[in-house]
Amino acid sequence: MPTVMKYQTFAEFYPSYLSQHSNRTCRQLHFVGSTLALACAVMLIFTGKLYWLPLALLSGYGFAWVGHFAFEKNRPATFSQPLYSFLGDWVMYWQMLSGRVSFY
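Residues numbered from 1 in each chain as written. Predicted model: local features only at pLDDT ≥ 70, side-chain atom pairs only at ≥ 80, totals over all residues. Heavy atoms only, no water.

### Focus: the overall build of the protein
On a plain count of helices and strands, the protein comes out with four helices and zero strands. Against the globule reference of 13 Å for 104 residues, the protein gives a C-alpha radius of gyration of 14 Å, in line with a compact fold. For the C-alpha atoms alone, the extent of the protein along its principal axes is close to 45 × 25 × 25 Å. Relative to its 104 residues, the protein shows a buried fraction of 36%. Sequence-distant contacts, at least 24 apart, represent 71% of the contacts inside the protein between residues at least 6 apart. In the form shown here, the protein has an accessible surface area of approximately 6500 Å², with 71% of it arising from carbon and sulfur atoms. (Helix = DSSP H or I, 4+ residues; strand = E, 2+ residues; numbered from the N terminus. Rg over C-alpha atoms; globule rule 2.2 N^0.38 Å. Buried < 20%, exposed > 50% of the residue type's maximum accessible area, 1.4 Å probe, protein only. Contact = heavy atoms within 4.5 Å. Areas by Shrake-Rupley, 256 points an atom, 1.4 Å probe, with all protein chains shown as cover.)

In structure tokens:
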């Protein structure tokens, strides 16, 4: 089993997080999953229907984990650094939207 590094700050963690997303299909699946999760969260807020919450989680994590296991061939950072990984997902999402991280 590989050694899992613990990071003291998100700034230390994020470069490693990005390196675990070098496969474009993995990044694209993250983006799709995060977009669907956002849509589910909006629906939860506007409808008050709690079934949107598990759908948001399933969308966000499901697409990302398929990207990691099937395309990136690595273990999602969520398993070792859940908070930093969650933050990393949204920072990468914004950077993809703004063109700082490539879709391709």
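### Description of the packing of aromatic side chains
As enumerated under the stated definition, the model contains 16 aromatic pairs in all. Taken together through their ring pairs, the aromatic side chains of Y7, F10, F13, Y14, Y17 and Y84 make up a single cluster. (Phe/Tyr/Trp six-rings, centres within 6.5 Å; stacked < 30°, edge-to-face > 60°.)

### Observations regarding the packing of helix α2 (residues 24–47) against helix α4 (residues 82–98)
Contact geometry of α2 with α4 gives a least axis separation of 10 Å together with a crossing angle of 105°. Compared by their axis directions, α2 and α4 come out roughly perpendicular. In this structure, α2 uses R27, Q28, H30, F31, S34, T35 and L38 to contact α4, whose residues at the interface are D89, W90, M92, Y93, M96 and L97. When grouped by side-chain class, the residues that make up the contact of α2 with α4 number seven nonpolar, four polar and two charged. (Axes fitted to C-alpha atoms, helices over the stretch in contact; angles between N-to-C directions. Parallel < 35°, antiparallel > 145°, perpendicular 65-115°, else oblique. Nonpolar A, V, L, I, M, F, W, Y, C, P; charged D, E, K, R; others polar.)

### With respect to the state of the cysteines
As enumerated under the stated definition, the model contains zero disulfides in all. C40 provides the cysteine sulfur closest to C26, a residue in no disulfide bond, and the two sulfurs are 20 Å apart. A relative accessible area of 0% places C26 in the buried class. (Disulfide = S-S within 2.5 Å.)

### Observations regarding unusual backbone geometry
Here K73, not a glycine, exhibits a phi torsion of approximately 60°, which is positive. On the secondary structure map, K73 appears in the loop between α3 (52–72) and α4. You can call K73 exposed: its relative accessible area is 62%.

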